[in-house]
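What follows is the residue order along each chain.
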Amino acid sequence: QLQLVESGGGLVQPGGSLRLSCAASGFTLDSYAIGWFRQAPGKAREGVSCISSSDDSTYDADSVKGRVTISRDNARNTVYLEMYGLKPEDTAVYNCAAGDDGGRPCISPFEYTYWGQGTQVTVSS
């Protein structure tokens, strides 16, 4: 069964850090572009960060730029999203997704094929 499973969410105080994990089973992540998305209640889903399949180039949304790092661990078949300096407006359900970017930068338009179930991140004092 092909699936992605996110973990690492939780409750954190403003200014804190979290590391989200996106683990794959049934396929290998290193041949896919991986994106992290988030959706807060009443808001549209937002792309947070992505890493390309060909050269691991990354792209971060302006809303999180300088506060996140996306990375791969191919040995663990896992992609991570490290988040720093968390703010209350970062509160959302975070999903990872995998797709074929055709060797182009992950910011290029393409369809994400596999999605995880999401992990809740709550930033509050």
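Please refer to the structure higher up on the page.
Everything quoted here is computed from the prediction, not taken from an experiment. Starting afresh in each chain, residues are numbered from 1 along the sequence in its written order. Totals for whole chains, interfaces and linings use every residue, but because this is a predicted model, local features are given only for residues with pLDDT of at least 70 and side-chain atom pairs only at 80 or more, for both listing and counting. Side-chain descriptors were evaluated using all non-hydrogen atoms of the structure, hydrogens and water having been removed beforehand.

Considerations on the packing of aromatic side chains
Now for step 1: Between 30 and 60 degrees the pair is tilted, below 30 it is stacked and above 60 it is edge-to-face, where a pair is any two Phe, Tyr or Trp rings, Trp via its six-membered ring, whose centres lie within 6.5 Å. Taken as a whole and assessed by the stated rule, the structure comprises 7 aromatic pairs.
Now for step 2: With 5.3 Å between their ring centres and 80° between their planes, F27 and Y32 make a pair best called edge-to-face. Residues F27 and Y32 agree in their burial class; the two are buried.
Now for step 3: With centroids separated by 5.2 Å and ring planes inclined at 85°, the aromatic side chains of F37 and Y112 adopt a geometry described as edge-to-face. Remark: Y112 occurs in strand 10 (residues 112-115) and F37 occurs in strand 4 (residues 33-39); sequence separation between them is 75 residues. When sorted by exposure, F37 lands in the same class as Y112, which is buried.
Now for step 4: Cluster of aromatic residues (ring-pair linked, three or more members): F37, F110, Y112 and W115.
Now for step 5: Charge-over-ring placement is defined geometrically: NZ (Lys) or CZ (Arg) within 6 Å of the ring centre, and within 35 degrees of the ring normal. One cation-aromatic arrangement involves R19 over Y80; the distance from NZ or CZ to the ring centre is 4.1 Å.
Now for step 6: Looking at R45, its charged tip hangs above the ring of F37, at a distance of 5.6 Å from the centre. Using a 1.4 Å probe on the protein chains alone, a residue whose accessible area is under 20% of its type maximum counts as buried, one over 50% counts as exposed, and one in between counts as partly exposed. The numbering of helices and of strands both runs from the N terminus, where a helix is a DSSP run of H or I of at least 4 residues and a strand a run of E of at least 2.

Here we look at the state of the cysteines
Now for step 1: Note on disulfides: each one is a pair of cysteine sulfur atoms within 2.5 Å. Summed over the entire model, instances satisfying the criterion amount to 2 disulfides.
Now for step 2: A disulfide bridge connects C22 with C96, and the sulfur atoms are separated by 2.1 Å. Disulfide C22 to C96: torsion about the S-S bond roughly 75°, handedness right-handed. Highlighted residues: C22 in strand 3 (residues 18-25) and C96 in strand 9 (residues 92-99), separated in sequence by 74 residues.
Now for step 3: C22 sits in the buried class, given a relative accessible area of 0%.
Now for step 4: You can call C96 buried: its relative accessible area is 0%.
Now for step 5: Sequence-ordered numbering of the bonded cysteines in the protein yields a pairing of 1-3, 2-4.

Describing the side chain of T119
Now for step 1: Note that T119 resides in strand 11 (residues 119-123).
Now for step 2: Once residues within four sequence positions are removed from consideration, T119 is found in contact with E6, S7, G8, G9, L20, A92, V93 and Y94. Between two residues, a contact is recorded if the distance between any of their heavy atoms is within 4.5 Å.

As for the pattern of salt bridges
Now for step 1: Each salt bridge in this description consists of a side-chain nitrogen of Lys or Arg and a carboxyl oxygen of Asp or Glu lying within 4 Å of one another. In the structure shown here, the tally under the stated rule is 6 salt bridges.
Now for step 2: Between R38 and E46 there is a salt bridge; the shortest N-O distance is 2.8 Å.
Now for step 3: Put simply, R38, E46, R67 and D90 are held in one network by salt bridges that share partners.

Describing unusual backbone geometry
Across residues other than glycine, the phi torsion is negative in most instances, and most of the peptide bonds are trans.
Now for step 1: The backbone of D56 shows a phi angle near 60°, a positive value even though the residue is not glycine.
Now for step 2: Note that D56 resides in the loop between strand 5 (46-51) and strand 6 (58-60).
Now for step 3: A positive phi angle, close to 55°, is found at N77, a residue other than glycine.
Now for step 4: Looking at the element boundaries, N77 is found in the loop between strand 7 (68-73) and strand 8 (78-83).

Functional significance is not addressed by these values, which are geometric in nature.
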